[in-house]
Amino acid sequence: MDSRVIIAVMIAAIVVVGAVSAIVLLDEDESAGGTVYYVVIPPANMRDALATGEVDGYIAWEPYVSDSVVGGVGKVVLWSDEIMADHPCCVVAVRNAFAASAEGQELTTRFIAAHIETTEWMIEALDHTSSADYDKLVAMAVDFTERNESVVKEAFKHLQYKYQMDSDFISALEHFTQMYNDTGILDPSKITERGYDSISDFVNTYVNETYVEDAESIEPSSTILNPNSPIRLGYLAGDLHQLAQFVAMNATMVDGSKSIFEKYGLNVKKAPGAPFAVGGAVMTAFSAGTVDIGYLGAPPAILNHLNAAVDTSIIAQANSEGSGIVVGADAEVDGLRDMVNMTVAIPGTSSIQFLLLKTALEERGLELEIKT
Amino acid sequence: MVNNLLTLLKKTLKGNWQKLALTFLSLAVFVSLWSLYAAWLHGDWPFEGGLIALTVPYPREVLAAFVDSFQNADVNGITMWGHIYASLKRVLAGFLLALAVALPAGLLMGRSSTSHWLGRPIVESFRPIPPLAWIPIFIVVFGLFWGPVGIVFLGIFFPILYNVMFGSRSVDPILIDAARTLGAKKSDLFLKVVLPFTLPYLMTGITVGLGIGWMCIVAAEMLGGVGGGVGYYIADRAGSQDYEYMYAGMVVIAILGTLTTGVAGLLENRIYKWMGMK
């Protein structure tokens with residue numbers, strides 16, 4: 001029995017050592033020439049992952065890009081507008097059941113009127129960087145993103161706030177949907193399954209321009225129209241692209257005593273679960289019926305509607321551009337081609353950043369694969 | 001060879017037909033209730049009322065997604081086989097590390113009063129903290145592979161430690177005295193009395209630990225998203241609300257959990273036979 005036990009322990013030890021070594025050794029990367037690898041990390045953790053060397057780079061939305069740049073941790077290799085000029089990013093979406101009633105329709109139109117006025121104020125402020133409005137905007141952005149002034153000011157330079165949904169916007173969304181089809185992210189049969197004839201039919205139906213149009217004739221209201229049933233607002237945590245809703249909520253915007261939402265007679269509250277980490281989470285909340293109006297990226301708004309028939313519509317744009325690919329500050333990387341065999345963090349495969357990274361790499365004849 | 005297998009199969013079925021019948025009945029009821037609920041959500045027969053949500057797909061849709069996930073690569077470019085391999089690697093590494101540390105520590109703390117009181121405060125402080133709470137810090141400190149492995153380690157470590165400690169402590173003193181009377185040395189006592197006695201407790205610890213280990217790896221992969229893995233797969237599909245495939249991932253976890261505990265049970269029987277305990 002003695003010797004058998006000793007032999008058993010020795011065999012066990014060899015197995016353990018062998019297994020662990022095998023796992024460690026077999027895990028070594030095989031350079032596949034022309035491939036960039038990705039991992040999924042929440043954007044809030046990307047800067048740390050870059051700083052500790054866990055990843056070689058990341059792609060995220062502002063302020064997570066300027067976070068690293070201003071902090072000296074990273075530098076930008078490519079801005080998203082260099083990948084796709086004026087690409088749509090965040091949109092405003094509404095839960096169709098909420099807007100179905102006459103009251104819901106009125107509230108939604110007023111919400112868009114507030115969104116438009118806020119967006120125009122922000123654009124004006126950003127155009128006059130020595131004005132008091134600019135300082136006020138920066139202060140609000142610092143509050144919302146919990147980043148310092150230099151990060152926020154730097155981030156503002158690379159994104160555009162806009163509410164219009166013109167033909168370029170429509171074509172860009174059609175392009176995203178086509179990309180989803182081509183890359184197998186979306187099953188093409190889902191388009192017809194949801195009752196659309198084609199991608200073009202889908203985008204033109206899913207994007208509803210009537211609220212932006214009707215908002216032009218909306219007048220401010222001295223009373224709150226929905227005092228007891230607030231609009232439940234969804235948005236992403238600290239996402240500078242979605243600053244409009246934060247500015248519109250600020251109680252000092254109108255004559256120093258009212259918010260822009262209140263100016264248009266709206267009671268707006270954070271939805272349960274807000275702020276969300278990624279756009280997919282906003283869509284899940286839409287399907288659970290806990291969000292009435294939400295800010296999120298256009299791609300999850302498209303993808304999740306097609307996959308899970310989430311009954312929403314896109315009713316305004318929130319911003320375009322404003323994402324970037326970041327690498328270490330000292331990295332010898334001048335362009336994407338220098339990033340072959342590197343590992344890049346992405347927010348998730350349903351994010352626009354994933355699509356943009358894929359587009360940029362494919363244009364350079366490179367592959368994007370998950371790191372295993 | 002085939003004849004022997006068929007005879008064995010017939011014998012097993014004959015002896016256990018009641019158990020098998022009950023198992024099938026239970027599964028059939030579950031699948032029927034699931035289908036009914038899905039039908040209600042989808043607004044299909046026998047319910048009218050239109051689509052409520054697609055959050056629960058039909059069992060046959062999940063089955064189709066399950067099969068498809070093994071045959072075709074997903075958006076990440078890997079099949080379910082690749083995801084299973086990634087998760088298994090991490091669970092195995094965490095399990096082996098936990099076993100290597102918890103087994104000797106448990107034996108020591110069970111047999112030596114000094115070790116017990118030395119180790120107890122540390123163990124008691126860390127045990128109540130859910131392994132999942134360590135995920136953010138482990139990912140930063142240990143990285144994208146060893147971070148999740150560390151979480152699995154924590155999940156499996158404590159059940160094994162406690163069971164081995166309890167087992168080695170509860171060795172019947174009469175057996176120890178009897179062995180001493182027969183002239184057993186200290187090493188004999190340990191190898192021939194304490195260790196065999198502790199073995200059933202160790203196996204319980206391993207079974208419980210493995211279940212917790214699978215829970216930990218799924219959660220760790222969801223939050224760390226380290227590139228492949230069944231937990232990552234589930235979170236990825238959930239993000240796109242690709243529900244059929246998300247549930248398929250959950251079925252994979254159920255199967256993997258059952259398989260690993262089954263293998264542990266088989267090993268347990270083998271070890272008992274070899275040690276002459278059965």
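The rules behind each value
- Residue indices follow the written sequence of each chain, beginning from 1 at its first position.
- As they are written, the chains are lettered A onward and the ligands numbered 1 onward, keeping that order.
- Local features in this predicted model are restricted to residues whose pLDDT is 70 or higher, and side-chain atom pairs enter the listing and the counts only when it is 80 or higher, whereas totals over whole chains, interfaces and linings include all residues.
- For helices the rule is a DSSP run of H or I covering at least 4 residues; for strands it is a run of E covering at least 2, with both sets numbered from the N terminus onward.
- Burial is judged by counting other C-beta atoms within 10 Å of a residue's own C-beta: 20 or more means buried, 12 or fewer means exposed, and anything between counts as partly exposed, with every C-beta placed from the backbone.
- Note on contacts: each residue gets a C-beta atom placed from the backbone, and two residues are in contact if those atoms are within 7 Å.
- Here the rule is simple: two strands pair whenever DSSP picks up at least two bridges between them.
- In this analysis an axis means a line fitted to C-alpha atoms, helices contributing only their contacting stretch, and an angle means the value between N-to-C directions, from 0 to 180 degrees.
- Either an automatic procedure or a domain database provided the assignment from which the domain bounds are taken.
- Each residue is assigned to one class: nonpolar for Ala, Val, Leu, Ile, Met, Phe, Trp, Tyr, Cys and Pro, charged for Asp, Glu, Lys and Arg, and polar for all the others, Gly among them.
- Starting at the helix axis, one direction is taken to each C-beta atom, and the arc is that of these directions.
- With respect to orientation, any angle under 35 degrees is reported as roughly parallel, any angle over 145 as roughly antiparallel, any angle of 65 to 115 as roughly perpendicular, and every other angle as oblique.

Caption draft 1: Geometry of the overall build of chain B. Each helix and strand counted, chain B has nine helices and zero strands in total. What you see in chain B, going N to C, is helices and strands ordered as α-α-α-α-α-α-α-α-α. Seen along its three principal axes, the alpha-carbon backbone of chain B occupies a region of about 80 × 55 × 35 Å. Counting the 278 residues in chain B, one finds 36% classified as buried. For chain B, restricting intrachain contacts to residue pairs at least 6 apart in sequence, the fraction spanning at least 24 positions comes to 67%.

Caption draft 2: Structural context of the overall build of chain A. Check the secondary structure of chain A and you find 17 helices and 13 strands. With respect to the three principal axes, the spread of C-alpha positions in chain A is 90 × 50 × 50 Å. Sorting the 372 residues of chain A into buried and exposed places 51% on the buried side. Sequence separation of 24 or more characterises 78% of the internal contacts of chain A that already satisfy a separation of 6 or more.

Caption draft 3: Representation of the environment of Glu321 of chain A. All names here are of chain A. You can see Glu321 is positioned in strand β10 (residues 319-321). Looking at Glu321, the number of C-beta atoms within 10 Å reads 23, which means it is buried. Each C-alpha atom of the pair Glu321 and Met84 lies 8.3 Å from the other, and the pair is 237 residues apart in sequence. Those residues in contact with Glu321 that sit more than four places away from it in its chain are Ser80, Asp81, Asp86, His87, Cys89, His158, Leu159 and Gln160.

Caption draft 4: Molecular detail of the sheet that holds strand β2 (residues 57-61) of chain A. Residues and elements named next belong to chain A. Judged by pairing direction, the sheet is mixed, and its six strands sit side by side in the order β3-β11-β2-β12-β1-β13 without closing on themselves. Edge strands, defined here as strands with exactly one partner in the open sheet, are β3 (74-79) and β13 (367-370). In this sheet, neighbouring strand axes are inclined to one another by 35° on average, regardless of whether the strands run parallel or antiparallel. Relative to strand β12 (residues 343-346), strand β1 (residues 35-40) runs parallel, the two sharing four bridges. Bridged to Val39 within β12 is Ala345. The sheet contacts of helix α17 (residues 352-363) involve β1, β2, β3, β11 (323-328), β12 and β13, and relative to β2 the element is tilted by about 130°.

Caption draft 5: Just the domain arrangement of chain A, in detail. Residue and element names in this part refer to chain A. Looking at the assigned domains, one finds that chain A contains domain 1 (1-30), domain 2 (31-86 + 323-370) and domain 3 (90-165 + 207-321). Spacing between the C-alpha centres of domain 2 and domain 3 amounts to 27 Å. Taken residue by residue, the interface counts 20 residues in domain 2 and 24 residues in domain 3. Those elements that provide at least two residues to the side of domain 2 that touches domain 3 are α3 (64-70), α4 (80-83) and α17. With five residues, α3 is the largest single contributor of residues to the side of domain 2 that touches domain 3.

Caption draft 6: Summary view of the pairing of strand β4 (residues 90-95) of chain A. Residue and element names in this part refer to chain A. Of all six residues in β4, six are buried; the element is thus mostly enclosed. Alternating positions in β4 separate into two faces, Cys90, Val92 and Val94 on one and Val91, Ala93 and Arg95 on the other, with burial throughout. The sheet contact formed by β4 and strand β8 (residues 293-297) spans five bridges and is antiparallel. The residue bridging Val94 from the neighbouring strand is Ile293, located in β8.

Caption draft 7: Just the interface of chain A and chain B, in detail. Taken together, the contact between chain A and chain B spans 35 residues of the former and 32 residues of the latter. Going through the elements one at a time, α1 (2-26), β1, α15 (279-288), α16 (298-308) and β13 of chain A are the ones with two or more residues in the side of chain A that touches chain B. At six residues, the largest contribution of residues to the side of chain A that touches chain B is made by α1 of chain A. Grouping the constituent residues of the side of chain A that touches chain B by class yields 17 nonpolar, twelve polar and six charged.

Caption draft 8: Molecular detail of the domain arrangement of chain B. Segmentation of chain B into domains returns domain 1 (1-56) and domain 2 (58-274). Spacing between the C-alpha centres of domain 1 of chain B and domain 2 of chain B amounts to 29 Å.

Caption draft 9: The arrangement of helix α11 (residues 199-206) of chain A in detail. Residue and element names in this part refer to chain A. The set of residues buried in α11 consists of Ile199, Phe202, Val203 and Tyr206. Summarising the axial view, the buried residues of α11 lie within an arc of 90°, below the 170-degree limit, and thus occupy one face. Buried-residue contacts for α11 involve α9 (167-182), α10 (189-193), α16 and β9 (312-317).

Caption draft 10: How the structure looks around unusual backbone geometry. Residues and elements named next belong to chain A. Omega for the peptide link from Ala274 to Pro275 comes to -5°, which places this bond in the cis form. The backbone of Asp86 sits at a positive phi, close to 55°, despite the residue not being glycine. With respect to the secondary-structure elements, Asp86 resides in the loop between α4 and β4. The exposure class assigned to Asp86 is partly exposed, which follows from the 13 C-beta atoms found within 10 Å.

Caption draft 11: Structural view of the packing of helix α3 (residues 80-111) of chain B against helix α8 (residues 230-239) of chain B. All names here are of chain B. One way to put it is that α3 packs onto α8 with a least axis distance of 7 Å and a crossing angle of 125°. The orientation of α3 with respect to α8, classified from their angle, is oblique. On α8, the residues touching His83, Ile84 and Ser87 of α3 are Val230, Gly231 and Tyr233. Each residue belonging to the contact of α3 with α8 can be placed in one class, and the counts come to three nonpolar, three polar and no charged.

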